[in-house]
Amino acid sequence: LSTMAKKQKLFSALLSFILHGTRPPISSRVTATAMTESSPHPSSLHHLGRSSHPPMAEKIAAGRTLVLDVDAALLLPSSSSLFPYFMLVALEAGGYLRGLVLLLLYPIILSMGRASDVAVRVMAMVAFCGLRASRFRAGRAVLPKWFMEDVAAEGFEAMRMSNATGGRRVCVTRWLPRVMVEGLLRDYLGAEAVVGKEMKVLWGFYTGLMEEEDEVVLEEEKKIMAEGDDALGFCGSLEFLLHPLSRSCKDIYLATRDDRATWQALPRSKYPKAVVFHDGRLAFRPTAGSTLAMFMWLPFGVALASARLTVALTVPYRYSTPILAATGMSWRLKAGERPPLQTAGVERGCRRGQLFVCNHRTLLDPVYVSVALDRPVRAVSYSLSRLSELISPIGRTVRLTRDRDADGRAMGRLLESGDLVVVCPEGTTCREPYLLRFSPLFAELSDDVVPVGVAVETAMFYPTTAGGLKCLDPFFYMVNPRMCYTVQFLERVRTAVVREGKVPSADMANLVQKKIGDALGYSCTMLTRKDKYLMLAGNDGVVRKVDGKCSSAPY
């Protein structure tokens, strides 16, 4: 056994030298006694689970700087496997071939110890090497959703109390690169500083090598000393005592393994900031097992998607619905029947169309409204790829220009010609149970509108993206093993009072938004398309024409 241990230690040391060219880091298997003997001691080390005086809450109430161990005191013990986070970076930022390489290396990573320093460096090398640093947005657009699901309520409570008393919150990540966690810690949890390893950049591209950020550590030490208050540390492992910032902590509270075993995930209702927007195609946590299942499914999924698309385009709705449902592609009409399509205009002898107002989940929303009505509809959209329009089973989509007068006239002509028009006034999709602000233009076009609530469930992939190729949205929907659309027609809302000038169009739009939100159980917000794209893609989401060609800000 001793010979085997020496060989494993030699292998780890050699791999560590190859990856970062320095002496191997301290093994993650150092015993607690050796750790405390070789590391600097704080003035007072308290065990959180024991009766310690004074309690941590009292120390935080004094407004002292809180130095928080992200890896072991903020995240749940179940998140100790860092593989899913690096797989998200590999798949969403690097592509599926890079993700496959990382998956094939998983047995080697497992043999090193999933949270060992060498294993983390191997995963970082595969996930980051060759990515353009200026275009990397997964840390802010993709990862926060998954990290928030792993935040421990106990760790967050320490941050909340520190914020309430005006103390600074300095988050220390010992394993994950800073670029992966900074979006979560600053944007969602309100940390003032994030200290962690940096990914080396050469000629604008990540090399895949990690290095310590000594300058940030020194800066934080100076700030703590300048403020004149001794910092308070909160950690879940004795390895935290090896970090340079632990020397600035007069008191350190340690959550033992038994303490952390009882911790619970932070409920969504207590999130300090709602996760309304997030990007990425994966709708599941990419553990090694689930990622392997995904790659095994993809060849079958591509063939099944082709068959589904052929049926949807060639077979009438009433026959295609049971066929597609047998393949896992289903839909249901909820809480009611199809609405009557007669309007006040018909009673006056003129044939006028009907306006359907629905929330926006995917680009297939109008398709399923058409299926539920068993009637062809005309959809209006701000942007739609040529491929999506080509394979649409409801015909040509009317493109809007974001010119209020021109768009109003275009939709008005469709209604005057007797078409059933489907409009999504949010202007962009939202995956989470929230509704974005409704544009009030629809309230000025007709005497009444029919609100429609739509919801979609997918098993493997999200059929929407802010920073990827939108032309692949239908493909990612069709390739899911199973998915279900829910369509709910609500009571007709009279909007003639807007045209008569009695009610502002914005108030009517808010009323329709609230009716749909109440029916679906979604929360209404005043966020817009611009807010979404600024957060996820770094642009305003508007497609512009340059020299006669459509272009947009880089993703």
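Residues numbered from 1 in each chain as written. Predicted model: local features only at pLDDT ≥ 70, side-chain atom pairs only at ≥ 80, totals over all residues. Heavy atoms only, no water.

A surface patch of nonpolar side chains, amounting to about 380 Å² of accessible area, comprises Leu97, Leu100, Val101 and Leu104. Within the fold, Leu97 resides in helix α6 (residues 96-104). (Patch = residues over 30% accessible without salt bridge, like charges linked within 9 Å, V, L, I, M, F, W, Y side chains within 5 Å. Areas by Shrake-Rupley, 256 points an atom, 1.4 Å probe, with all protein chains shown as cover. Salt bridge = Lys/Arg side-chain N within 4 Å of Asp/Glu carboxyl O. Helix = DSSP H or I, 4+ residues; strand = E, 2+ residues; numbered from the N terminus.)

This part covers the sheet that holds strand β1 (residues 44-47). The strands that make up a sheet pair up through hydrogen bonds in the backbone, lying either parallel or antiparallel. Read from one edge to the other, the open sheet built from seven strands follows the order β1-β7-β6-β2-β3-β4-β5, with strand pairing classed as mixed. If you trace the sheet from one side to the other, it starts and ends with β1 and β5 (205-211), each paired once. Across the sheet, the mean angle from the axis of one strand to that of its neighbour is 30 degrees, orientation sign disregarded. Bridge analysis of strand β3 (residues 169-177) against strand β4 (residues 193-202) gives four bridges, and the strand direction is parallel. The residue bridging Val172 from the neighbouring strand is Val195, located in β4. Contacting β2 (66-69), β3 and β6 (231-235), helix α11 (residues 153-164) crosses the sheet at an angle of about 165 degrees to β2. Across the sheet, helix α12 (residues 178-188) is in contact with β3, β4 and β5; its angle to β4 comes to roughly 145 degrees. (Pairing = 2+ DSSP bridges. Axes fitted to C-alpha atoms, helices over the stretch in contact; angles between N-to-C directions. Contact = heavy atoms within 4.5 Å.)

For helix α24 (residues 529-536), the set of buried residues is Arg529, Lys532, Tyr533 and Leu536. Projection of α24 onto a plane perpendicular to its axis shows the buried side chains occupying an angular sector of 90 degrees, all on one side. Looking at the buried positions of α24, the neighbouring elements they touch are α9 (138-141). Immediately beyond the C-terminal end of α24, within one or two residues, lies Gly538, with a positive phi of roughly 75 degrees. (Buried < 20%, exposed > 50% of the residue type's maximum accessible area, 1.4 Å probe, protein only. Arc of directions from axis to C-beta.)

Judged by how many residues are buried, strand β15 (residues 483-489) sits mostly within the fold: seven of seven residues are covered. On β15, burial covers both faces: Met483, Tyr485, Val487 and Phe489 on one face and Cys484, Thr486 and Gln488 on the other are all buried. Pairing of strand β8 (residues 329-333) with β15, which is carried by five bridges, proceeds in the parallel orientation. Bridged to Arg332 within β15 is Thr486.

Time to look at the pattern of salt bridges. Evaluated as defined, the whole model comprises 24 salt bridges. We note a salt bridge from Asp150 to Arg285, for which the minimum N-O separation is 3.0 Å. Of this pair, Asp150 sits in the loop between α10 (143-148) and α11 while Arg285 is found in the loop between α14 (257-261) and α15 (288-314), placing the two residues 135 residues apart along the sequence. Overall, the relative accessible area of 25% leaves Arg285 in the partly exposed class. For Glu182, the salt bridge is made with Arg186, and the minimal N-O distance between the two is 2.7 Å. Of this pair, Glu182 and Arg186 both sit in helix α12, four residues apart, roughly one helical turn. Connected via shared salt-bridge partners are Lys145, Glu149, Asp150 and Arg285.

Here we take up the pairing of strand β9 (residues 354-358). β9 sits mainly inside the fold: five of its five residues count as buried. Every second residue of β9 is oriented toward a common face, with Gln354, Phe356 and Cys358 on one face and Leu355 and Val357 on the other, all of them buried. Note: β9 against strand β12 (residues 420-423), four bridges, orientation parallel. Bridge pairing in β12 places Phe356 opposite Val422. Where β9 meets strand β14 (residues 448-458), four bridges bridge the pair, whose relative direction is parallel. Bridge pairing links Phe356 to Val450 in β14.

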